[in-house]
2 protein chains.
Amino acid sequence: MKYSKATNYALHTMLFLAMETPNKPVGVHQLAERQNVSPTYLSKILTKLVKEGMINSISGANGGYTLSKNWEDISFLDIIHAIEGKSSLFDCCLYSNPECVIKDVMLSAEEKLENELRNKKISDLVKK
Amino acid sequence: MKYSKATNYALHTMLFLAMETPNKPVGVHQLAERQNVSPTYLSKILTKLVKEGMINSISGANGGYTLSKNWEDISFLDIIHAIEGKSSLFDCCLYSNPECVIKDVMLSAEEKLENELRNKKISDLVKK
DNA sequence: CTAATAAGAGACTTTATATATCTATAATAG
DNA sequence: CTATTATAGATATATAAAGTCTCTTATTAG
């Protein structure tokens, strides 16, 4: 069990935009170069963030990506969910068992993780 | 990011042994049947638990698996680590960046998850 | 001692997912 | 119109998970 590289790229892109964008859009080429990843692959990841309303995309010359208006409210969990999906980390009781005490424990642990990620925002890392 | 089925099998096997074994060893065939998984595959998983000292294996007729002497101290985290390994969930800064604020957040979240899993033991689910 | 039982080890296969790449299309500034 | 930049879809490659098969080793009932 690992977070994907895609999640890593998404988080770093959000941080980069938050730290260095005054107002001008940043092209995927520049974002990709910073992270040592191919622009076409990164653009696929960024498209997911666009669809979730976390960033805006602007086509055409001088286009690129900017943070959405509500970017200061976006949590780590939001970004992770946008990339990894929202399904539970633990799929239990593949075999038949309606109530599963193991699942209960696993889900409670997952909640602790998510609570922490929900309380941390990219904007927290910029204010300093 | 998902916990593997192997982890699920391991947790359920531990619970089954804790709940239903008085003293006699249980063969992998029976354990596998309960979970609807092939015995050969399950045995690979159980070998990992043996190597970590969580269960004992007994070869030969009337052999099988029993919980280790210290089974009541074994946490969910111990079992998960035995199967999934102990490395961090988040590999950051693939590109060069010694100190990474994103990694810090991710690791703190992972700690919350691990703390919860460390405090839950299979034996907690049996005492009732 | 022998036959049956059961775990362990290693090679292999299959399936699924992550990580890309390539090409074509759409939008926009100048 | 042309250069630039995002989007979409198909495809390719790499890695890991999940499962199978076969052979070996250990134990014990008889």
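Everything discussed here concerns the structure shown above.
Reading the values: rules and limits
Residues numbered from 1 in each chain as written. Chains lettered and ligands numbered in written order. Predicted model: local features only at pLDDT ≥ 70, side-chain atom pairs only at ≥ 80, totals over all residues. Heavy atoms only, no water. Helix = DSSP H or I, 4+ residues; strand = E, 2+ residues; numbered from the N terminus. Expected span 1.5 Å × (residues − 1). Buried < 20%, exposed > 50% of the residue type's maximum accessible area, 1.4 Å probe, protein only. Near = heavy atom within 4 Å. Polar contact = N/O pair within 3.5 Å; in protein donor to acceptor, adjacent residues only side chain to side chain. Nonpolar A, V, L, I, M, F, W, Y, C, P; charged D, E, K, R; others polar. Arc of directions from axis to C-beta. Contact = heavy atoms within 4.5 Å. Buried area = accessible area lost by both parts, 1.4 Å probe. Salt bridge = Lys/Arg side-chain N within 4 Å of Asp/Glu carboxyl O.

## Remarks on helix α1 (residues 5-20) of chain A
A rise of 1.5 Å per residue sets the reference length of α1 of chain A, with its 16 residues, at 22 Å; its end C-alpha atoms lie 22 Å apart and thus fit the reference within 8%. Among the 16 residues in α1 of chain A, 13 count as buried, and that is most of the element.

## Things to note about the protein's contact with DNA strand D
Taken together, 28 residues are adjacent to DNA strand D, and Val28, Lys44, Ser57 and Tyr65 of chain A together with Ser38 of chain B come closest. Take the atoms of DNA strand D that sit within 4 Å of the protein: sugar and phosphate atoms are 66% of them. Side-chain polar atom of Tyr65 of chain A to a phosphate oxygen of DNA strand D: 2.6 Å apart, as the coordinates give it. Between DNA strand D and the protein, one listed contact pairs a base oxygen with a backbone N or O atom of Ala61 of chain B at 3.5 Å. Looking at the surface near DNA strand D, the elements with two or more residues in it are α3 (39-51), β1 (55-58) and β2 (64-67) of chain A together with α1 (5-20) and α3 (39-51) of chain B. Per-class residue counts for the surface near DNA strand D are nine nonpolar, 15 polar and four charged.

## Side note on the environment of Thr40 of chain B
All names here are of chain B. Looking at the element boundaries, Thr40 is found in helix α3. We classify Thr40 as exposed; its relative accessible area is 62%. Residues Thr40 and His29, spaced 11 residues apart in sequence, show a C-alpha to C-alpha distance of 8.7 Å.

## Focus: helix α2 (residues 28-35) of chain B
Residue and element names in this part refer to chain B. Three or more residues of α2 are buried, namely Leu31, Ala32 and Gln35. Each buried residue of α2 lies within a common arc of 95° when the element is viewed along its axis, so the set occupies one face. Opposite the packed face of α2, turned more than 90 degrees from it, sit the exposed residues His29 and Glu33. Buried residues belonging to α2 abut α1, α3 and β2 (64-67).

## Quick look at the interface of chain A and chain B
A common measure of how large an interface is: the accessible area buried when the components associate. Listed as interface residues are 39 residues of chain A and, on the opposing side, 39 residues of chain B. Between chain A and chain B lies a buried interface of about 3800 Å² when both sides are counted; carbon and sulfur atoms form 73% of it. In this structure, Lys112 of chain A engages Glu116 of chain B in a salt bridge whose closest nitrogen and oxygen atoms are separated by 3.9 Å. Between chain A and chain B we count 14 residue pairs in polar contact (both at pLDDT 80 or more) in total. Those elements that provide at least two residues to the side of chain A that touches chain B are α1, α2 (28-35), α4 (76-84) and α5 (101-119) of chain A. Among the elements that line the side of chain A that touches chain B, the one with the most residues is α5 of chain A, at 11 residues. Of the residues contributing to the side of chain A that touches chain B, the split by class is 22 nonpolar, seven polar and 10 charged.

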